[in-house]
Amino acid sequence: MKRKSGSRFLYIAIAYLAILGAAAAAAPWVAPYQPTAQNLENRFEAPSFAHPLGTDNFGRDVLSRVIHGSRSALMVGLVSVSIALVLGSIVGLIAALSGGLMENTLMLLMDSLLSFPTVLLAITVVSFLGYGLVQVMCAIGVIYSPVFARLVRAETLSIKTEGYVEASRALGTPIFKIVFKHILPNLLGKVVVQCSITFALSVVIEASLSYLGLGTQPPTPSWGLMLKDARNYLIQAPWMAVYPGLALALTVFCFNILGDTLSERLNPRVYRR
């Protein structure tokens, strides 16, 4: 029963993320209005047939802004996770394969980054690089790279002691070929799980920075920016905060379900239970 229930939640999460991705990709054609088009005569209009999710304080259609805001969220998640994956994997592989002083120095640097609160470090990096979506993606990528570095290093240390790896090294196989043939394929499962979890965290960090005015800048739609605009109108127009907040919560929830399910199924001992 538990497995069937877990599979049902997984399929629902995948369906939601697929719909969200399709809507984000086709936002200019799916959204009923331009996300930045203002109509002051229709300010704070409640959800209706013309505006299914209502309008905001500038008369902009909330549904259109939620759809276009998903593009920023998914783009930040995709790019920042890719940056973190590449940087972390390189550092983790170098540390595990080199050993000695190089390993200690690299991991000390990674542990130093992990010691700072995530949002505070993100604010610091963005303040140094400047405000904007590109800066946010770079900041999040750098912040989460130590997570991948520690994961890749730990798994590589275990894999490189396996008999087939030692046999390849004894036969004189180049280290780059060993990495791509033996180490990286065995890392793939756990790295995919970590990517799913980090994606959800990246979406939250992007929304947090946009809420603070350090991420996506107006008038570009962003879920965090929409929540920031809605904070003064929670009683007058609650739909301004409800729908972007719900989209953000569902997206993070579905990515967490995806990560947890993949983690269970890639761990034979847990999955058999």
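Note: the structure precedes this text.
What comes next concerns the included structure. (Residues numbered from 1 in each chain as written. Predicted model: local features only at pLDDT ≥ 70, side-chain atom pairs only at ≥ 80, totals over all residues. Heavy atoms only, no water.)

What the protein contains, in helices and strands, is eleven helices and zero strands. In sequence order, the secondary structure elements of the protein are arranged as α-α-α-α-α-α-α-α-α-α-α. Overall size of the protein, expressed as C-alpha extent along the three principal axes, is 75 × 50 × 30 Å. Classification of the 273 residues of the protein by burial places 43% in the buried group. Look at the contacts in the protein between residues 6 or more apart in sequence, and 70% of them connect residues 24 or more apart. Summed over its atoms, the accessible surface of the protein is roughly 14500 Å², and 66% of this surface lies on carbon and sulfur atoms. For the protein, the centre of its 21 positive side-chain charges and the centre of its 13 negative side-chain charges are spaced 10 Å apart. (Helix = DSSP H or I, 4+ residues; strand = E, 2+ residues; numbered from the N terminus. Buried < 20%, exposed > 50% of the residue type's maximum accessible area, 1.4 Å probe, protein only. Contact = heavy atoms within 4.5 Å. Areas by Shrake-Rupley, 256 points an atom, 1.4 Å probe, with all protein chains shown as cover. Lys, Arg positive; Asp, Glu negative; His and termini not counted. Charge placed at Lys NZ, Arg CZ, Asp CG, Glu CD.)

Turning to the state of the cysteines, a few remarks are in order. Scanning the entire structure with this criterion turns up zero disulfides. Cys-195 supplies the cysteine sulfur nearest to Cys-138, a cysteine that is in no disulfide, at a spacing of 17 Å. Of all cysteine sulfurs, the one in Cys-195 lies closest to Cys-254, which takes part in no disulfide; the gap is 18 Å. Taking the relative accessible area as the measure of exposure, Cys-254 reaches 6% and is therefore buried. (Disulfide = S-S within 2.5 Å.)

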